[in-house]
Amino acid sequence: MHRIKRLPQLMHSLKARLIISAMLLVLVLLPIVGVTLNDAFKLQVKSASVKELKAYVYSILAVTEVDNQQLLMPEVLLENQFNVIQSGLYALITVPVKPSAPLATDTTDNFAAKLVENNAIESKAVENQPTTLVQQTNPSNNSARKVAWRSNSLLGIDLSAAITTAVHTAAMFPQPEKGQGQFSEIMLNGEPHLVYGFSASFETEQLNKLGQPQLTRFPFTVYIIKDQSDYQLQVEAFNQQLWRWLLILMAALLSIQLLWLWWTLKPLTRLQRELAAIENGQAKQLDEHYPSELNAVAKQLNTLLNTEQNQRKRYRNSLADLAHSLKTPLAVIQSQKDLSPQSFEQVNQINRIIGHQLKRAQSAAGSAWHLGVAVVDVSDKLVRNLPKIYCQPRITISEDVDRNAVFKGDASDLTEILGNLLDNACKAANAQVLLQVKTQQAQLIITIEDDGVGIDEALHTQIFERGTRADTYQQGHGIGLAIVRDLVDSYQGQLTVSRSTALGGAKFQLIFTV
């Protein structure tokens, strides 16, 4: 279920699309080719079987004789399978019954009953054989036919069952037109058999009672019945070979296509890896050794990075120059002895505003996509130095920091954020401060807690206003939390204040998207 939910997300990947399309091409095209080849082979084998049955028909016709409107057949045929009982190759000859015969309108069930009786008697000629009927399969012609001769291989076989369980819609042996052949399939002894029927007619010229020559016809139909076992064996053997090699070919093609896709998409993977390195602050530019289609993109990205870095550097230098030029006049004003307390307070306020705005303007949040700093590099320095400042009473700072956590931004911004929050926590704490850093579900979560008296819920919003402090703290928050709030907002992060369940004091939590 989880993989199904991820399917729309995977379809946004160019690599996934190429792999899926390549697999579909192989997994759909090759089975279609296999089915087509299998059908073509079946048709070829069946065509060969029909030709074989035709050859047997001609061999039967070659030894067939008619004398005085009676069929004469040799006791032994040249093809030995016709002489061996139930050999799998059978021959049958039928002749039409004269319309005056009372049995001409017999149904299929009557015919089946007569065939059962007829199968017990071995006949070599028509005059020695009981009359047996085969109804014509053509619906427009209801004439009946009788079995005039059958090969010795048919002894012990119930032809009635074969006729009433034909594979095709016609419930009888095929009855082709004179001079034509017809192919069909039947079930004989529970096994599928091929049947080929061919209709012919012997024409002889005889003298009638008046002594005049008269042309007489002896129509008959020869049926050759052959077991499909050889046909099935050939088809099964071909199927095994075909699908075995198709599977091998499918695996080979999939492997080749996957290797080809890996080689083709390798520059994109390298580009993605280098962009991630730039984003994490591990590199400053892209390698320009890419294929021609990507080389231009890499050059433009490098130009953009250089331009942005130079512009940010000039912007910060300009702000530093501005701050320096403002500090000197402000220092001169503050040094005046006749300056009133109100004026002195306003000058200090101007200093704080300048500092706040400089910090805000120098933030690298706008370029955070290609910056990155390990949180532990900043947090370790602060945790080592702050206890030295807050030694009376002694403050202990505990760390639970993910060593692989990365802040997507500038190191100075992270130092400003953590420094202000840890500094305020040390001011408010009685003895203990806890710093937790973890990465969870593509988010960087930083939590700072203390064991002080906490912050009144009514002040949770006000303490982030510039110049506002929490009365419960011995030392005010002042401009520090306002700077933190502005920096967090510039990185589209979240900053919340609550009560610490672990230590009982205030809890500041920062959430950034990574």
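Note: the structure precedes this text.
Attention here is on the structure that accompanies the text. What you see is a predicted model, and the numbers here were worked out from it, not measured in a lab.

Rules and cut-offs
Residues numbered from 1 in each chain as written. Predicted model: local features only at pLDDT ≥ 70, side-chain atom pairs only at ≥ 80, totals over all residues. Heavy atoms only, no water. Pairing = 2+ DSSP bridges. Helix = DSSP H or I, 4+ residues; strand = E, 2+ residues; numbered from the N terminus. Axes fitted to C-alpha atoms, helices over the stretch in contact; angles between N-to-C directions. Contact = heavy atoms within 4.5 Å. Buried < 20%, exposed > 50% of the residue type's maximum accessible area, 1.4 Å probe, protein only. Phe/Tyr/Trp six-rings, centres within 6.5 Å; stacked < 30°, edge-to-face > 60°. Salt bridge = Lys/Arg side-chain N within 4 Å of Asp/Glu carboxyl O.

**Some points on the sheet that holds strand β14 (residues 494-499)**
Part 1 of the argument: Strand order in the open sheet made by the five strands is β10-β12-β13-β15-β14, with mixed pairing throughout. The two strands at the open ends of the sheet, each matched to only one other strand, are β10 (396-401) and β14. Neighbour-to-neighbour, the strand axes of this sheet turn through a mean angle of 15°, independent of strand direction.
Part 2 of the argument: Pairing analysis gives seven bridges linking strand β13 (residues 443-450) to strand β15 (residues 506-513), with the strands arranged antiparallel. For L444, the partnering residue across the bridge sits in β15 and is F512.
Part 3 of the argument: Against the sheet, helix α9 (residues 411-428) makes contact with β10, β12 (432-439), β13 and β15, and its axis sits at roughly 25° relative to β13, the strand it touches most.

**Some details on unusual backbone geometry**
The general pattern is negative phi for most residues beyond glycine and trans for most peptide bonds.
Part 1 of the argument: The phi dihedral of Q69 falls on the positive side, at around 60°, and the residue is not glycine.
Part 2 of the argument: Inspection of the secondary structure puts Q69 in the loop between β1 (65-67) and β2 (70-72).
Part 3 of the argument: Phi at Q86 is positive, roughly 50°, even though this residue is not glycine.
Part 4 of the argument: Looking at the secondary structure, you find Q86 in the loop between β2 and β3 (89-96).
Part 5 of the argument: Residue Q86 is classed as partly exposed on the basis of its relative accessible area, which comes to 42%.

**With respect to the packing of aromatic side chains**
Part 1 of the argument: Applying the stated criterion to the full structure yields eight aromatic pairs.
Part 2 of the argument: Judged by centre distance (6.3 Å) and plane angle (40°), the rings of F218 and F220 are tilted. Grouping residues by exposure puts F218 and F220 together as buried.
Part 3 of the argument: Members of the aromatic cluster, each reached through a chain of ring pairs, are F202, F218 and F220.

**Observations regarding the pattern of salt bridges**
Part 1 of the argument: Under the criterion given, the structure shown has seven salt bridges.
Part 2 of the argument: Close ionic contact of D423 with K427 constitutes a salt bridge, the shortest N to O distance being 3.1 Å. Here K427 and D423 lie together in helix α9, a separation of four residues that amounts to about one turn.
Part 3 of the argument: A salt bridge links R485 to D486, with the nearest nitrogen and oxygen atoms 3.1 Å apart.
Part 4 of the argument: Owing to a relative accessible area of 11%, D486 belongs among the buried residues under this scheme.

The values are spatial; any link to function lies outside them.
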